[in-house]
Amino acid sequence: MERTLIICKPDAVQRRLVGRILSRFEDKGLNMIGLKMITITPELAKKHYAEHAEKKWYPGLEGFITSSPVVVGLIEGVDAIALVRKMLGATNGRNAEPGTIRGDFSSSQQMNLVHASASAEDAAREIDIFFGESEIQAYEPAIMPSLYASDEL
Ligand code: CDP
Ligand code: MG
């Protein structure tokens with residue numbers, strides 16, 4: 001089991017796509033164990049996007065990600081980190097394959113609707129930034145036996 005962080009970015013909230021985006025993860029059988037609406041501050045943006053903070057396009061990204069509320073989620077599942085990234089598609093919505101979230105709903109490099117952790121190291125760091133222990137609702141889904149064979153767990 002892996003945990004990964006997702007952020008439905010300001011464009012997803014403004015475009016009323018949060019429900020449809022979260023539905024995709026639910027439909028896939030992933031387990032949502034944390035969810036909240038927040039507004040990202042410039043300080044938080046710099047921390048979360050530390051790897052990009054020196055890039056020339058970072059000011060635009062910071063302006064965008066702090067522009068209005070986001071919905072942050074914690075998702076759990078077998079191979080969840082790579083699986084959720086695959087479900088997002090390529091960074092630029094114009095290059096993302098149809099069938100992916102970005103491929104189906106985004107035509108922008110910046111306004112690509114959803115963030116998801118890229119590696120186990122990033123997931124651990126990002127979950128720690130956005131979720132306190134008391135905000136994580138770890139539970140065993142009752143339908144678990146219908147989601148995975150026992151040797152997959
Ligand atoms: O989100 P992902 O890991 O796919 O892409 P990234 O290369 O780590 O970039 C982080 C985010 O910065 C992207 O999701 C875009 O929202 C934004 N971005 C941007 O505004 N301009 C760029 N030239 C590249 C990325
Ligand atoms: Mg990235």
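Check the entry above for the structure.
This is a predicted model, so every value here is computed, not measured. (Residues numbered from 1 in each chain as written. Chains lettered and ligands numbered in written order. Predicted model: local features only at pLDDT ≥ 70, side-chain atom pairs only at ≥ 80, totals over all residues. Heavy atoms only, no water.)

> I'd love a proper account of the environment of Leu-30, names of residues and values included.
Note on placement: Leu-30 falls in the loop between helix H2 (18-27) and strand S2 (31-38). Owing to a relative accessible area of 10%, Leu-30 belongs among the buried residues under this scheme. Sequence-wise, Leu-30 and Ser-68 are 38 residues apart; in three dimensions their C-alpha atoms are separated by 27 Å. Apart from the residues within four sequence positions on either side, Leu-30 is in contact with Phe-25, Ile-75, Glu-76, Gly-77, Ala-80, Leu-83, Val-84 and Met-87. (Helix = DSSP H or I, 4+ residues; strand = E, 2+ residues; numbered from the N terminus. Buried < 20%, exposed > 50% of the residue type's maximum accessible area, 1.4 Å probe, protein only. Contact = heavy atoms within 4.5 Å.)

> Would you mind going over unusual backbone geometry in detail, with residue names and values included?
Unusually for a residue other than glycine, Asp-79 sits at a positive phi of about 55 degrees. Within the secondary structure, Asp-79 sits in the loop between strand S3 (70-77) and helix H5 (80-88). Of note, the phi angle at Leu-113 is positive, near 70 degrees, even though the residue is not glycine. With respect to the helices and strands, Leu-113 occurs in the loop between helix H6 (101-105) and strand S4 (114-116).

> Help me get a handle on the sheet that holds S4, residues and values and all.
Note: strands within a sheet are paired through backbone hydrogen bonds, in either parallel or antiparallel orientation. On the basis of which strands lie adjacent, the open sheet formed by four strands has the order S2-S3-S1-S4 and antiparallel pairing. Of all strands in the sheet, those with a lone pairing partner are S2 and S4, marking the two edges. Between one strand and the next, the sheet's axes are offset by a mean angle of 20 degrees, whatever the strand orientation. Note: strand S1 (residues 2-8) against S4, three bridges, orientation antiparallel. When the bridges of S4 are listed, Ile-6 appears paired with Ala-116. Contacting S1, S2, S3 and S4, H2 crosses the sheet at an angle of about 165 degrees to S1. Contacting S1, S3 and S4, H5 runs over the sheet at an angle of about 30 degrees to S1. (Pairing = 2+ DSSP bridges. Axes fitted to C-alpha atoms, helices over the stretch in contact; angles between N-to-C directions.)

> So what's going on with the pairing of S3? Which residues, and what values?
Burial runs high along S3: eight of the eight residues are buried. Judged by which residues are buried, S3 turns out to be covered on both faces: Val-70, Val-72, Leu-74 and Glu-76 on one side and Val-71, Gly-73, Ile-75 and Gly-77 on the other are all buried. Note: S1 against S3, seven bridges, orientation antiparallel. What sits directly across from Ile-6, in S3, is Gly-73.

> Describe the site of ligand 1, listing the residues and the values that go with them.
With respect to spatial proximity, the complete set of residues near ligand 1 consists of Lys-9, Tyr-49, His-52, Trp-57, Leu-61, Arg-85, Thr-91, Arg-102, Gln-109, Gln-110 and Asn-112. Within the side chain of Lys-9, one N or O atom sits 2.9 Å away from an oxygen atom of ligand 1. For ligand 1, an oxygen atom lies 3.1 Å from a polar atom in the side chain of Arg-102. Considering ligand 1 on its own, with 510 Å² of exposed area, one finds that the protein chains cover 84% of that surface. Of the residues that constitute the shell around ligand 1, the class distribution is three nonpolar, five polar and three charged. (Near = heavy atom within 4 Å. Polar contact = N/O pair within 3.5 Å; in protein donor to acceptor, adjacent residues only side chain to side chain. Areas by Shrake-Rupley, 256 points an atom, 1.4 Å probe, with all protein chains shown as cover. Nonpolar A, V, L, I, M, F, W, Y, C, P; charged D, E, K, R; others polar.)

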